[in-house]
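# Coordinate analysis (summary)
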Amino acid sequence: MMLLAIEQGNTNTLFAVHDGSEWIAQWRTATDASRTADEYAVWLSQLLTMRGLTIGQLDGCIISSVVPQSIFNLRNLSRRYLHVEPLVIGDNVDLGIPVRILKPSEAGADRLVNAIGAHLVYPGDLIIIDSGTATTFDVVAADGAFEGGVIAPGINLSLQALHEAAAMLPRIAIQKPEKVIGKDTVSNMQSGVFWGYVALIEGLVARIKAEWGKPMTVIGTGGVASLFEGATTSIDRFDPDLTIRGLLEIWRRNTHLGKQ
């Protein structure tokens, strides 16, 4: 079995290949809702060739996307070039977990996949903090159920808003400032964004735990989560592989091939 897993966020899209025993390749590209199946195929074929692989070797595909207009093109990529019908989270896939929110259909595909990926490894009640375009805090019960959570603007969105809305504020890179009190405009902004997000994480984790009323393990994942490693004790583990681990498990649960 050679599985292509596609995890598409609002900013980046991850393509990963699993050979049945391990992940053997991973690539990221900027998310572009207008990119066609043919364009994806050309890009993917070149990267596969660099690893000594061909697109014809891929015989399975699973897709998680929060960009509805892209799913059509990703589905066509699988059908036209892999010659397989893909599993699409939220469409034709049984996740095998309870979704205990008011409208289960509203739960984001990425958040449900993360819940499965985390429950496989970490016992007990969990908070998953996924730092991407949005920063999400997801509560996963000890039985693996998705219980809801919190959505906040992502750190990059905050930087972009500062730059675009205030004429005198420059576009800056995200980094940990040496001190909280900045001495110039850039260090003021870096402190506000970095330590502001640390405070957001610490404050929301404390409130979620108080409301939940039971011990919880906090897992950090997503594109910028590693920035906060060492900056706060509120996050117990950093795990960049939650999503692809969850996608692989969903594939195995939904296909005979995956169970072999």
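Check the entry above for the structure.
Structure report, in brief.

Criteria and thresholds
Just so you know, the residues in each chain are numbered from 1, in the order the chain's sequence is written. Residues qualify for local features only when their pLDDT is at least 70, as the model is predicted, and side-chain atom pairs are given and counted only at 80 or more; totals for whole chains, interfaces and linings, by contrast, use all residues. Each side-chain value is worked out from all heavy atoms of the structure, with water and hydrogens disregarded. Axis definition: a line fit to C-alpha positions, over the contact stretch in the case of helices; interaxial angles, taken between N-to-C directions, run 0 to 180 degrees. Each helix corresponds to a stretch of at least 4 residues labelled H or I by DSSP, and each strand to a stretch of at least 2 residues labelled E; elements are numbered beginning at the N terminus. Should an angle fall under 35 degrees it is called roughly parallel, over 145 degrees roughly antiparallel, and 65 to 115 degrees roughly perpendicular, with every other angle called oblique. Whether two residues are in contact is decided by their heavy atoms, any of which lying within 4.5 Å being enough. Whether two strands pair depends on DSSP finding at least two bridges between them. Using a 1.4 Å probe on the protein chains alone, a residue whose accessible area is under 20% of its type maximum counts as buried, one over 50% counts as exposed, and one in between counts as partly exposed. For any pair of crossing helices, the crossing counts as left-handed if the nearer helix is rotated counterclockwise from the farther one by less than a right angle, and right-handed if it is rotated clockwise. Nonpolar residues are Ala, Val, Leu, Ile, Met, Phe, Trp, Tyr, Cys and Pro. Charged residues are Asp, Glu, Lys and Arg, and all others, Gly as well, are polar. Grouping buried Ala, Val, Leu, Ile, Met, Phe, Trp, Tyr and Cys residues that are joined through side-chain atoms within 4.5 Å yields what is termed a nonpolar core.

For the pair helix α3 (residues 109-119) and helix α6 (residues 242-254), interaxial distance at closest approach is 7 Å and the crossing angle is 90 degrees. Between α3 and α6, the crossing angle belongs to the class labelled roughly perpendicular. In contact with V113, N114, I116, G117 and A118 of α3, α6 contributes L242, T243, R245, G246, L247, E249, I250 and R253.

What the five strands build is an open sheet, ordered β3-β2-β1-β4-β5; its pairing is mixed. The sheet terminates laterally at β3 (23-30) and β5 (87-88), the two strands that pair on one side only. Bridge count for strand β1 (residues 3-8) against strand β2 (residues 12-18) is six bridges, and the pairing is antiparallel. Residue pairing across strands places E7 opposite L14, the latter belonging to β2.

Time to look at α3. Residues that lie three or four places apart on an α-helix share one face, since the helix turns once every 3.6 residues. For α3, the tally of buried residues reaches nine of 11 residues, placing the bulk of the element in the interior. Along α3, the positions that sit buried rather than exposed are A109, R111, L112, V113, N114, A115, I116, G117 and A118.

Take the environment of F15 next. As for its position among the elements, F15 is in strand β2. The class for F15 is buried, based on a relative accessible area of 0%. Residues F15 and V84 lie 69 residues apart in sequence; the distance between their C-alpha atoms is 16 Å. Excluding its chain neighbours within four sequence positions, the residues that come into contact with F15 are L4, A5, I6, A25, Q26, W27, T29, Y40, W43, L44, L74 and L77.

This part is about the sheet that holds strand β10 (residues 237-238). Think of a sheet as strands paired side by side through backbone hydrogen bonds, with each pair either parallel or antiparallel. Strand order in the open sheet made by the five strands is β8-β7-β6-β9-β10, with mixed pairing throughout. In the strand order of this sheet, the two ends are held by β8 (146-153) and β10, each with one partner. Helix-sheet contacts for helix α5 (residues 185-212) involve β6 (125-131), β7 (134-140), β8 and β9 (216-221), and the interaxial angle to β7 is about 20 degrees.

A word on the packing of helix α1 (residues 37-50) against helix α2 (residues 68-82). With their axes 8 Å apart at the nearest point, α1 and α2 run at an angle of 65 degrees to one another. For the crossing formed where α1 meets α2, the hand is right-handed. Here α1 contributes A37, D38, Y40 and A41 to the contact with α2, which in turn contributes N73, L74, N76, L77, R80 and Y81. Considered class by class, the residues forming the contact of α1 with α2 number six nonpolar, two polar and two charged.

This part takes up the nonpolar core. If you look at the biggest cluster of nonpolar residues, it comprises 26 residues, and the most contacted ones within it are I62, I89, L95 and I250. Elements supplying a minimum of two residues to this core: β1, α3, β6 and α6. Here this core gets six residues from one element, more than from any other, and that element is α3. Not counting residues up to four positions away in its chain, the partners in contact with I62 are L3, L4, A5, I6, L87, I89, L247, I250 and W251. With 25 residues, the next largest nonpolar core counts M2, I6, V17 and V84 among its residues.

On their own, these measurements won't tell you what the molecule is for.
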